[in-house]
Structures are given as structure tokens and as C-alpha cells.
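Spelled out, the chains give:
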Amino acid sequence: MAEAAVSLVIDKLGNLLIQQTVQQIVFLKNVPEQIQSLKTLLIDIQCFLKFADEQQDDNLMIRNWVSKLRDAAYESEDVIETFIVKMQALKKKGFWENLSCFPKRLLCLYKVGKNIESIQKKMLDIEKSRLTFGIDQVLGEGTSTRGEELRKLLRSSPFTEDKDLVGLEEKTNSLVAQLLVQDSSGRVISIVGMAGVGKTTLARKVYNHVDVIGYFNCRAWVYVSQKCSAQEVLVGIIKQVEKQTKESLDLLEGMQEADLERMVREKLQDKCYLVVLDDIWEEEAWDSLAAAFPNVNNGSRLLMTSRYEKVPPYADALSKPYKLETLGEEDGWQLFLKKALAHGLTSESKLPPDLEAIGRKIVERCDGLPLAITVIGRLLQGKSEWKSVLDTLTDQWSRGRKGVSAVLASSYNDLPSYLKTCFLSFAIFPEDFVIPTRKLFHMWIAEGLIHQKGVEVLEDVAADRLDELVYRNLVQVVALTANGKVKSCRVHDLLRDLAVAKAEEVMFLKIFGESSSSFPPSKCRHLLVNSCSEMLNYPGEFEHSTPPLRSLIFFNVAEVKHEFNLSFARFKLLRVLDLQNMNTSYLPEEIGELCLLMYLCLRRTRIKRLPLSLGCLQNLQTLDIYIVGSVVEVPNVLWKLKNLRHLYIRETIKHVPLKFDTLKNLQTLCDVYLDTLIGNKMMLLTSMRKLGVWIERSSRIDELFSSIAELENLVHLELVRYGEEGFPSLIGLSHLNYVNRLRLSGWLTELPSPHNFPPRLSHLSLLGTKLAEDPMPTLEKLEHLSILKLKNAYAGKELVISDNQFPNLTVLQLEHLPNLIEIKIGRGAMPQLRCLRISNCYFVEMLPEELRFMEALEKVEVEDMPKRFITRLHGMDSYKVSHVPNIIVTGTLDPTMLGGKLKARRLQLALVAVSREIASVHQFFSNLVFIINIVTASNKRNDELKEAQAIEVATKIANGELETGRELNQIGTLKRTGDTRWGSHLDSISSLLKMFNATCVVLSNIAVDGALQHKSQDILNAMHLVSSTTKLLKTFRDSGWDDFLVKVKLFCEQHQIDIPCMNAQYIARRGRSRSHHDEISVGHYYRVDIFLATIDYQLQELHSRFNDHTVELLILSTALDPRNGFMLFKIDDICKLAEKFYPNDFMEQELVRLRIELQHFELDIPNHHELQELSGINELCQGLVKTKKSVIYPVIDRLIRLVLTLPVSTATSERVSSLGLVEEDIAIFAASLEIPVITQVAPSINLHDKLG
């Protein structure tokens, strides 16, 4: 533990002293050499500290030696930094004052030299004592003995299986399935997780599974451990693979590692083997063993357990580690009961209530860690006094070398020194606190825990450090960013206890309201105030001491009513000051005396004004003055903070414009108002990486875009605008060539065009934009887009992604889309999608069908979605995501959160459902839809409807029956009913009532259209006409141009229309400059760009409208053809027709009735004398009405009517336009499709009867 402290001091001596102070102490010739000598001495001593740290718990002499060394190291840091503070104070004085203080400066220099000399002598004495008292020898022996003892205690065996297991059955079956799969890929199966989570227990259960024993003809279990001995592991495998004699065992002990490796390989070569490598720590351990395992493609497997998540993918890149998490609350309780209760007491019903309450508190403190639950459970066996154990849990875990603390500490001890200090910093965060990584990184850098690596920025180095702790399962990830980086994290409660215990000893951490540290207040270096008490007395016990505090952090003080009286006069060595959420309105002027301060957080305080002395904080790197609910007055001193890297600011009062374009190191500028930016030369902020701007009503956003366009490091831009007015024009975004992440928050009337987005845009977030139009047609054209987030971004009901779009999109998040009903994804869209997240979209009922074809999809996250959606996901929609390895479902949306909107929606759903259940109501709306479908079946009929309306309106205006005015008497069209909206039913009825007379006119036109009345074409003939029309169009395209051109010229001559010269060069008249000449003639333009293009469009329309789906619909319809004595009649085809193409027109019970009706129909109708020799389905429909058979077979009658209105079926209301008629100039085709409709409608529909 001293190793971490000394390592930290060494780094600070190197960075702080050598770089910053030497310039000020050159007057004393020997001081720089003394500092360098001190640093060298500490480096030499550090070599022994790793071993000393491991042994000090067992040896009082070593513990005292380590303690003295740590104190001396910290003393040297205090001397140097105190000197710096004094020198900074002298620099603030004027010229004459400085001159008069020159003797004082020399005295300070003399004292620091003497102090360093004294500390160096003290350290040399400590170093000598190591040799004098034989500590080296103790360290060597102790390390070897203790390491071997710990390995023996932790050594695993496949034969000591625990019977009291909880929650492992499903995990075991999953791993067994992976082991037994017939696949050459994924040779290494791995289990990873934190210490004590049960990796070995799970591996043992898998190893002894009956299916595993039967499948593998050779099995071996070896314990690798932290100190991997390849020779020992290989010998262990050989002993289990083949029975050994005494002579062969002796021979094995004397063999070299390479020979053992060859022997293991030979013995496994012809076997289907399973080898368990338990507790493997490092990649190097795998390298020393890998060659011994032949890859013979016969199903052989390696099963490894590890605390370090980097090892499994290093061993096998195709293998995905199985992450073992801690137990849930109920599983933890059941495990505790099995361990704690006496033999024969197996039910918690026999547990006294008082013991159950205490027991559950104990389990809660264990935080789901099986090792902790097991240790405490066994301790309580046969005991009735549980309360004392609860009060001393930390002590109980520390007992024994195989105790919980010892196991967890082994993970800590294995860390390199630079990671130990990072891990210990988690002690300053309260229990269960979710830590934003942004805050964590800023603190690490301010504390001096992160150091530059080449050209890499400090924040990126910090992210790498955190990743290492995550890989070692010492830190838990709470949330990830869309691109897979850690956004927030936490540590397990027991690991935090470990960090607190170590930090109290190593870093002299004190936690107000939690810990009772053994060191005196004067030695405290890190103070965490973690209390909500009204009686909180800060600085309390520090009033009469001056501790060398480096960090002062407040947590959980937001609820404290009384205002804090802040004073920092005694804490002049502070590097980190965090006052977030504190109830204080005043920041004292003395803040400027903290010249070493690097991190200052005032977020969500009530501070109204910042002091002028803020400009004295020359070392400040992070300043967070994001204060909500009030406006803070900021003096114009920010420009002085030359080392500032991150500035979080919001609305400010400024008597003069704030200047900060001198901050060459500024990387982050967030939540700043645009008016504050104007006047600064933004192009000078060359280190800027992230910029967040609030756009005011009178903003000049184009100036912003121009000023930041050349910032090469600016990759992340956030724009926020709230209020009634939306964003101003965002065209200037196209100039931002370096921005790849864009976030827009606030109302947006419409999206910019695709070419107006930043050209390299890969991450886009839209929050609260409430777009009226579907954003996907625009966004899918952003070719580099890989991450897309929509949160309350769209107010429409349907998101449609076209075929083959979003080629590079990997993450799609849809959250809080209040009106969204359906998500449609085209074929081949989003081929690279890895993660889909859907949250709080209440009216979405199911996942898109196309998901099942997305092979790259790795994770589907569903959060706070309605129960019906989740039920479908686990049930009838499960096939859509059966290939997705991670499906995460959390929460169910609380219907009460949607209030009146949800009630209205549910009422609509209920009314629609009732309308389907009540026969008379259902029949009414079926006929209503039928009428609307006929009247709006083609462009021709729509034009007739509008013309009839116009005539009626003109007549009524002339007769004085209607008023005139703006937006009055508009010509409309009939509205169809929706499947789930009762409001659409009302709209449909209202539109028909409004256009009743016009609708009757169109129906009359259909009835009297002689060209159609005398035709008797059925559906198959219509298909033949489609085919013949296609052939005629192709012939006309290939050889009809010359004759067509002759007719056009003749028409022009007859009507005195000028004919252009076909051989002249064509000049475009629209869309480009008239001076631009194409190398084509006028004749070429009219033949290729007009004539051929028009016909190609018609052919394409025919092909797209009559695809396989449509043809199947038509062919199935012929099963109702009555010709030749119903020769084509097939019950199965007719039922399939109704189920597949008209699912919304028939309830489930009606489909059952349809089959029964068809069975009777087949025996009855062909023999009826009035229904023989029918020539088509239309005549069958008329005959059923005439003979009253439509009453006997109502479901068949409805299906026939639907088939006759094929182009506009109610079941395919979404396809009305796509199955609608082609252009009216293909008259024969249009007429042929309308024939069966008209012959059926005229005799059977009485509009007045239907609407009363």
C-alpha cells in the first residue's frame, strides 16, 4: 500500500518539482540536485515496497518500516508544495512590496533546501534500517511462504462440489450447450467475473455435468493462479490424462517445460478432451500453455475462469466470455438460508421474524457476492445471536487468510502501482454512488494520477486506466455511451470497503459520517463529507489544525437546510474542491489563495457571484459553474486561467463580455450561451474538442459556424434551443468539416438537407426536436452515420427506413416517441446494426419484421415499454430476434404516466374492438369502407368526386346556402377508417356525409358507364390484360418512335405549333445554366429523355405493382371462380386468401366460420339451378344476393366482395397507392380492372339504406 503512496509522490516530484519549481529556486545551487536525489532514492526504495505491502499485515516490524517510509514521502511532497504556495503569494505583490520581500523569499528558499536535506537524511536512515534489521531477508522468505500458502488455500478442485447452490442451473445449461456444440470455432469457453462471484463453482458444476462426462473421453482440471507455473500446470494435466507410476512421476518432475509441453500435446492429439484452466490471470500465462493444446477439430474444448476480461479474447478471438454477475436479492437470500440455517432447517418459514430482518440486512450488505454470503452464512450456523455479526461485518470478512477481504485484496495487490492509486480513488465516492466518468477523469488528472503518454491527451489515458480496472472486474460498468465507452460506473460495496480501508492507510482519507480513522486530523490528506445531518459541523475538528488536505469533496448535502460557512484559509494545498449540490450562496474571496487547485466544481449550488480572485487559480484545469435556477455573475477573469482544460458554464451576468480565447489548452466548453461566445476569436481555441452552445432568440448562428469551421480538434458539437421558436437555419453545419458528433436539442421545424449536415458526421442525436415529418428519408442519406439517437424527436406515427439505406449504422436508439405506432425497415437496410434500443414508445406494439435478417445485430434493449410489447417479444415475435445473443428487457411502462393521452388511446382501442364484436356495427363499417374503396379506386374516380363537389359547392353558393371565405368550402376526399383509431371511424363517416351527394354522383357514373357494363372480365383475364399491355408497351418502346413522331408533327402542323429542329443541339432550359451545352440533339432528348423514359416508368410501375405478392393474391382469388361447375374451387386456397391477404377484415372466429361455410357451399351452390353457368365471380356475387344465399353464407359473401375490389382492399389499405391503377392513358388496362367492381356494385349497394 505504501508502494502506491510513494509512486504518487515520485510522479509529483518529477512533474511538479522539476518542471515548475526549479525555475524559482535557482538561487540555491544545491536545491535542484537535492530534489533529484530524493526522487532517485524513492525510486530505489519503491522496488521493495510491493513485497513489503503484502507482508506488513503479518509482521509488525515491516509495518512500521512501511509507515515511516510513507510518512517521509508525503512530508517531502508537503514541503515542496508549501514552498510553491508561498512563492505564488509573493508574486501577487507589487514591485516595491516584492523588493521589500526579497529577504523573505531567500529565507523560504533556504528553509526548503534544509527541509529537503532533512527528509533525504530521514529516508536514508529508513533505508539503512531495512538492512540493519534484516527486513530484506524477512521480505524474501515471507513473500515466498505467504504466496505459496495463499495459493494452497485458494487452490480449486473438481471434486469438492458444493451442494448448496443457487441460481446456477440456467447458467450451467447454457455453458454445457456451448461445450457440446458441433462447431470448430470458439474452442475456448470462458467464465469471467470479479473475485468471489462464483466462477470456479460454476466451472466445477459444468465439469461434473453428466452430459459433459459422457461427451469428452478425456478431462483434466488444473489451477493456474496468479503466479502461473507452466511446468506445474502441464504436469497436473499429464497426471489426470494418463495414470502414472512412481517412476514416471519422478521422470516428470525432472523434465523441461518444452518436453512437458510436447508430451501433453501428444497425449491429447487423438482425444476429445476438456481441460479446465481455473483462475488464469494474465495473457502471459496463456502464452506459456497454449502450444500444449492441439486444435484437432473434433469438439475438444478448453474452459477457463479469469478475473481479467482481456485474457479470454486473447486466447480465442472467436470466443465471447460468459460474464458472471452477482446474485439478485432473492437468490442471495436463498443462498444465505442454505448456509446459515442448522441441519434440517430448510424453510425460511421456521425463521423467527427478528432473525429474518437481521439476515436480510446481512445479505443486503453482501451486495450479491456469493463468497461473502457463504462466509457469513457458515459463521452463523448454529448461532442465534446475529445482531453482533451484522455490526461487525467488515471485521468478520477480514478474518482468516481465505476470508472475503483476503480474496478481494489479491486482486488489488496484483495491480501495478499506477492502477492502485486509481482504484483507491473510488473510496471518495459514497456507497452505491453511480460515478460519471467525466467527473472521475477530471479528478484523476487533478490529483496527478494520470500522466502523459506521448501525444495522447490525458483524458484518453484516463479512459484506458478505467478500462483496465473494468477488465480486471474491480469496477462495474453502469452505462455505456452509444460507441461503447464507459459513461458511468460504480464499485461493488465490498470492493469499496477494501478501497476505503486501503485509502485510509495509504492516502490518509477521512470520511465524515462514515469512517473512524485512526490517524490524527493533522495528517488528513483527503476529506469526504458524506452526511445529510442538520448538525453537520464543518470544518469541525479541523478548526485547531492545519491538515495537508489535497481534496475536499461534499456528497449527500443537498438536503441540509442551513447554509454552509465555507472557509479554505487552512487548506492551501488543495487540488480538488467539489461543492456540488451544496446549500451555499457565497464563494469566499480566499478561494484565490488555493494556487494549486486544479478541480473546482460549483454545479447546482446557489452561488450568485464568483470572486475576482478566481483569476488567480493559474493551475485550474476544470471549472464547473453549471448553476441551474439562478444566474451567476462571472467576472471577466477566465482568460487568465491558462491551464484550463474544461469549462462548464451556463447563463451568466457579465458587466463586460467574457473573454476566453486566450485559453489554448481548453478542450471542453459546455452549456455556454451563444451571446457569450460572440466577441471571442474562437479559431484561437485550437485544443477545443467539445463545444456545447445554447442558442438564444436573437442569435447569429452563422457567425458561430464560420468561427469554428477551422478547428481541427473540434469533433463534438451540441446545440440547444428551447422555447416556442425553433432553431434558425442550420445550413452552416455543412462547413464543419471536422465535426463527427452532433447533438441538436430543442424544437426543429424541419431537418436540414442531407448535404447541409457536417460531411464527416458519424454520431447524431436529436432530442426534443418534435419533428412533424418522418426524419428517416433525410437521415438515411448520411453515408457515414454510424450512431443515431432519437429522443422525443419525432411526433409522427410511422418511421420508415427505405431498402438498403443506413449502410454504416451500428446503433439505433428510439426513445420517448409519444405517437409512434409502427417502425418499418426495408430489405437490406442497416446491415451493420449491432444495437437497437427502444424505450418509452408506448404505442409501438411489435418489433420490425426485418430484424430477423440482420445478422450483425448483437443487442436489443427494451426499456419501459408496454406489457403487450414485451409479451409479444417473448412470444409470437421471438423469432425476429432469436439470433440476437443479448436481449435486455428492463421495466414496464407505467400507464399512469401517460395520463389523459393514454386514456383516450385506450378508449379508441376499446371502441374499435367493440365495433368488430357487434355484428351490425361491424357490417356497417365494412360497407362504409367498401363504398369508399370503390369511389376512390382510381385517379379518374377521384377527379369525378372532386368535380362533383365543386359543382355542388358552386350551386349552393349561388343559392345562398353556403358562406364564402378563407379555408371554407374546400374540396376534399373520402377518408378511410384506421385499424386502431376510433377517431378515424368518425372522420370517415363525417367525410362521407359531407360528400354524400358527390359520392352518389360517382357511383351513378360507374353504373351508367356503358363501356364497362358490357364487359365481363374476371380477375385472370385482367392479369392477361396486364401481360398484353406490358407487351404492347415494350413493342411501342422498341419500334414505335418513328410513327409516333410523324403523328406528333402532323398534329403540330394542324394546330400551327412550331416544330423544333430535331438535329439541332439541345440546350437545357431548367435546372442548369443556359450557357451549359449537352452533347445531345433535340431529337435525342425527346426520344430518350421523354418518350423512352415515360414508357420505362410505366413498365416499372406494372412490374412493381404486380409482383409475386400480388400475383399470389390474384391466383388464390381464382379458387372462387364459378365457371365450369366451380372446377377451380379449393377450400384451403380460399381460407389462405382470407388469412393472408385480409387479416384485418376477419376476426379469428370468422375465419373458423369461413371454413365451415365453404364446406356447405361446395355441396350446395354448384347444384343450385339459378347459380349454374355463371361466367365470373361478379355474377356469383350477384347470384348470391338474388337467391338470398348471401344471408346464409355472409362470410363468403364478404370475401367475394373484397376480392372484387382487389385494387383497394380494406386489408391492404396501406397498399392502396401501390396497387392502384397505372396512368389513365392505359385505358384498356384501367377499364379491365374496374369491370368486376361496377357489375357488382350497381345492383347490390343502396347508399341511402346504409346511411339511413
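Whatever comes next refers back to the structure up there.
It should be emphasised that the depicted structure is a prediction, and the values quoted were computed from it without experimental measurement.

A word on the overall build of the protein
So, step 1. A count of helices and strands for the protein gives 46 helices and 31 strands.
So, step 2. Of all 1252 residues assigned to the protein, the portion counted as buried reaches 51%.
So, step 3. Approximately 58700 Å² of the protein is accessible, and the part contributed by carbon and sulfur atoms is 52%.

Some thoughts on the sheet that holds strand β5 (residues 322-323)
So, step 1. Overall, parallel pairing links the five strands, which are arranged β2-β3-β4-β1-β5 in an open sheet. Of all the strands in the sheet, just β2 (218-225) and β5 have a single pairing partner and so form its edges.
So, step 2. Summarising the sheet, strand β1 (residues 188-192) and β5 pair through two bridges and their orientation is parallel. From the neighbouring strand, Ile 191 faces β5, where its bridge partner is Tyr 322.
So, step 3. Where helix α10 (residues 230-241) meets the sheet, its contacts fall on β2 and β3 (273-280), and the angle it forms with β2 comes to roughly 160 degrees.

Some remarks on the packing of aromatic side chains
So, step 1. Tallied over the entire structure, the rule returns 23 aromatic pairs.
So, step 2. For the pair Tyr 673 and Trp 694, a centre-to-centre distance of 5.7 Å together with 20 degrees between the ring planes defines the contact as stacked. Linking Tyr 673 in strand β18 (residues 668-673) with Trp 694 in strand β19 (residues 690-694), this pair joins segments that are 21 residues apart in sequence. Taken as a pair, Tyr 673 and Trp 694 share a single burial class, namely buried.
So, step 3. Ring centres of Phe 1036 and Phe 1044 lie 6.0 Å apart, and the angle between their planes is 80 degrees; on these two criteria the pair is classed as edge-to-face.
So, step 4. Classification of Phe 1036 by relative accessible area gives partly exposed; the value is 34%.

With respect to the environment of Leu 1128
So, step 1. Here Leu 1128 is to be found in the loop between α39 (1123-1126) and α40 (1131-1141).
So, step 2. Residue classification places Leu 1128 among the partly exposed positions, given a relative accessible area of 35%.
So, step 3. Remark: the alpha-carbon pair of Leu 1128 and Ser 1117, spanning 11 residues in sequence, is separated by 10.0 Å.
So, step 4. Apart from residues lying up to four places away in sequence, Leu 1128 is in contact with Thr 1118, Ala 1119 and Asp 1121.

Overview of the packing of helix α7 (residues 169-180) against helix α8 (residues 199-207)
So, step 1. One can describe the packing of α7 onto α8 by two numbers: an axis separation of 9 Å at closest approach and a directional angle of 60 degrees. On the basis of their axis angle, the class for α7 and α8 is oblique. The crossing of α7 and α8 is right-handed. Two secondary-structure elements touch here, α7 through Glu 169, Lys 171, Thr 172, Leu 175, Val 176 and Leu 179 and α8 through Leu 202, Lys 205 and Val 206.
So, step 2. For the contact of α7 with α8, the class distribution of residues is five nonpolar, one polar and three charged.

Some thoughts on the pattern of salt bridges
So, step 1. For the coordinates displayed, the defined rule picks out 37 salt bridges.
So, step 2. Between Glu 861 and Arg 837 there is a salt bridge, with its nearest N and O atoms 3.1 Å apart. One end of the pair, Glu 861, is in strand β28 (residues 859-865); the other, Arg 837, is in strand β27 (residues 835-839), with 24 residues separating them in the sequence.
So, step 3. A relative accessible area of 18% places Glu 861 in the buried class.

Description of the state of the cysteines
So, step 1. Tallied over the full model, the rule gives zero disulfides.
So, step 2. With no disulfide of its own, Cys 595 lies 9.6 Å from the sulfur of Cys 616, the closest cysteine sulfur.
So, step 3. Assessed through its relative accessible area of 4%, Cys 595 is described here as buried.

Structural notes on the environment of Ala 292
So, step 1. Position of Ala 292 among the secondary structure elements: in the loop between α13 (283-287) and β4 (301-306).
So, step 2. When the C-alpha atoms of Ala 292 and Arg 265 are compared, they prove to be 4.8 Å apart, with 27 residues separating the residues in sequence.
So, step 3. If we skip the residues at most four places from it in the chain, Ala 292 touches Leu 234, Glu 261, Val 264, Arg 265 and Leu 268.

Details of the sheet that holds strand β7 (residues 476-480)
So, step 1. Pairing is antiparallel across the open sheet formed by three strands, whose spatial order is β6-β8-β7. Pairing within the sheet leaves two strands with one partner each, and these edge strands are β6 (435-436) and β7.
So, step 2. Where β6 meets strand β8 (residues 486-490), two bridges bridge the pair, whose relative direction is antiparallel. Along β8, the bridge assignment pairs Ile 435 with Cys 489.

Let's talk about a nonpolar patch on the surface
So, step 1. Among the surface-exposed residues, Phe 1036, Phe 1044 and Val 1048 lie close enough to one another that they form a single nonpolar patch of about 220 Å² accessible area.
So, step 2. As for its position among the elements, Phe 1044 is in helix α36 (residues 1041-1054).
So, step 3. You can call Phe 1044 partly exposed: its relative accessible area is 35%.

Thoughts on helix α12 (residues 257-268)
So, step 1. Its 12 residues place the ends of α12 17 Å apart at the C-alpha level, agreeing with the 16 Å of an ideal helix rising 1.5 Å per residue.
So, step 2. By the burial criterion, the buried members of α12 are Leu 260, Val 264, Lys 267 and Leu 268. Buried residues of α12, viewed axially, fall in a sector of 95 degrees; they line one side.

Quick look at the packing of helix α21 (residues 417-424) against helix α23 (residues 458-471)
So, step 1. Relative orientation of the contacting elements α21 and α23 amounts to 85 degrees, with a least axis distance of 10 Å. Between α21 and α23, the angle falls in the class roughly perpendicular. Taken together, the residues of α23 that come into contact with α21 (itself represented by Tyr 418, Leu 419, Cys 422 and Phe 423) are Arg 465, Glu 468 and Leu 469.
So, step 2. Of the residues assigned to the contact of α21 with α23, the class counts are five nonpolar, no polar and two charged.

Remarks on the pairing of strand β25 (residues 811-815)
So, step 1. Within β25, five of the five residues are buried, leaving the element largely enclosed by the surrounding structure.
So, step 2. A two-sided burial pattern is seen for β25, the buried positions comprising Val 811, Gln 813 and Glu 815 on one face and Leu 812 and Leu 814 on the other.
So, step 3. Relative to β27, β25 runs parallel, the two being bridged by five bridges. Each residue of the ladder has a partner; that of Leu 814, found in β27, is Ile 838.

Observations concerning the nonpolar core
So, step 1. Leu 691 and Leu 719 are the most contacted members of the largest nonpolar core, which has 111 residues in total.
So, step 2. The biggest single contributor to this core is helix α26 (residues 701-708), with four residues.
So, step 3. Setting aside anything within four residues of it in sequence, one finds Leu 719 in contact with Val 693, Ile 695, Ile 701, Leu 704, Phe 705, Phe 727, Leu 730, Leu 733, Arg 743, Leu 744 and Ser 745.
So, step 4. With 97 residues, the next largest nonpolar core counts Leu 337, Leu 369, Ile 428 and Leu 458 among its residues.

Concerning the pairing of strand β24 (residues 798-801)
So, step 1. Along β24, the buried face is formed by Leu 799 and Ile 801; none of Glu 798 and Val 800, which line the opposite face, is buried.
So, step 2. Where β24 lies against strand β26 (residues 822-825), four bridges are found, and the strand directions are parallel. Each bridged residue has a counterpart across the sheet, and for Glu 798 the counterpart in β26 is Glu 822.

Quick word on the side chain of Lys 267
So, step 1. Topologically, Lys 267 is positioned in helix α12.
So, step 2. Apart from the residues lying within four places of it in its own chain, the contact partners of Lys 267 are Ile 238, Val 241 and Glu 242.

Some words on unusual backbone geometry
So, step 1. Positive phi, normally seen in glycine, also occurs at Asn 804, with a value near 65 degrees.
So, step 2. Owing to a relative accessible area of 55%, Asn 804 belongs among the exposed residues under this scheme.
So, step 3. Its identity as a non-glycine residue notwithstanding, Asp 864 has a phi of 50 degrees, on the positive side.

Section: the side chain of Asp 578
So, step 1. Looking at where Asp 578 falls in the secondary structure, it is placed in strand β12 (residues 576-578).
So, step 2. Given the relative accessible area of 0%, Asp 578 is considered buried.
So, step 3. One polar contact links the side chain of Asp 578 to the main-chain amide nitrogen of Gln 580, over a distance of 3.0 Å.

Examining the environment of Glu 780
So, step 1. Along the polypeptide, Glu 780 turns up in the loop between α27 (776-779) and β23 (787-791).
So, step 2. With a relative accessible area of 5%, Glu 780 lands in the buried category.
So, step 3. For the pair Glu 780 and Pro 807, spaced 27 residues apart in sequence, the C-alpha separation works out to 8.5 Å.
So, step 4. Sequence-distant contacts of Glu 780, defined by excluding residues within four places in its chain, comprise Val 800, Ile 801, Ser 802, Gln 805 and Phe 806.

Reading guide: rules and limits
Residues numbered from 1 in each chain as written. Predicted model: local features only at pLDDT ≥ 70, side-chain atom pairs only at ≥ 80, totals over all residues. Heavy atoms only, no water. Helix = DSSP H or I, 4+ residues; strand = E, 2+ residues; numbered from the N terminus. Buried < 20%, exposed > 50% of the residue type's maximum accessible area, 1.4 Å probe, protein only. Areas by Shrake-Rupley, 256 points an atom, 1.4 Å probe, with all protein chains shown as cover. Pairing = 2+ DSSP bridges. Contact = heavy atoms within 4.5 Å. Axes fitted to C-alpha atoms, helices over the stretch in contact; angles between N-to-C directions. Phe/Tyr/Trp six-rings, centres within 6.5 Å; stacked < 30°, edge-to-face > 60°. Parallel < 35°, antiparallel > 145°, perpendicular 65-115°, else oblique. Left-handed = near helix turned anticlockwise from the far one by under 90°. Nonpolar A, V, L, I, M, F, W, Y, C, P; charged D, E, K, R; others polar. Salt bridge = Lys/Arg side-chain N within 4 Å of Asp/Glu carboxyl O. Disulfide = S-S within 2.5 Å. Patch = residues over 30% accessible without salt bridge, like charges linked within 9 Å, V, L, I, M, F, W, Y side chains within 5 Å. Expected span 1.5 Å × (residues − 1). Arc of directions from axis to C-beta. Core = buried A, V, L, I, M, F, W, Y, C linked by side-chain atoms within 4.5 Å. Polar contact = N/O pair within 3.5 Å; in protein donor to acceptor, adjacent residues only side chain to side chain.

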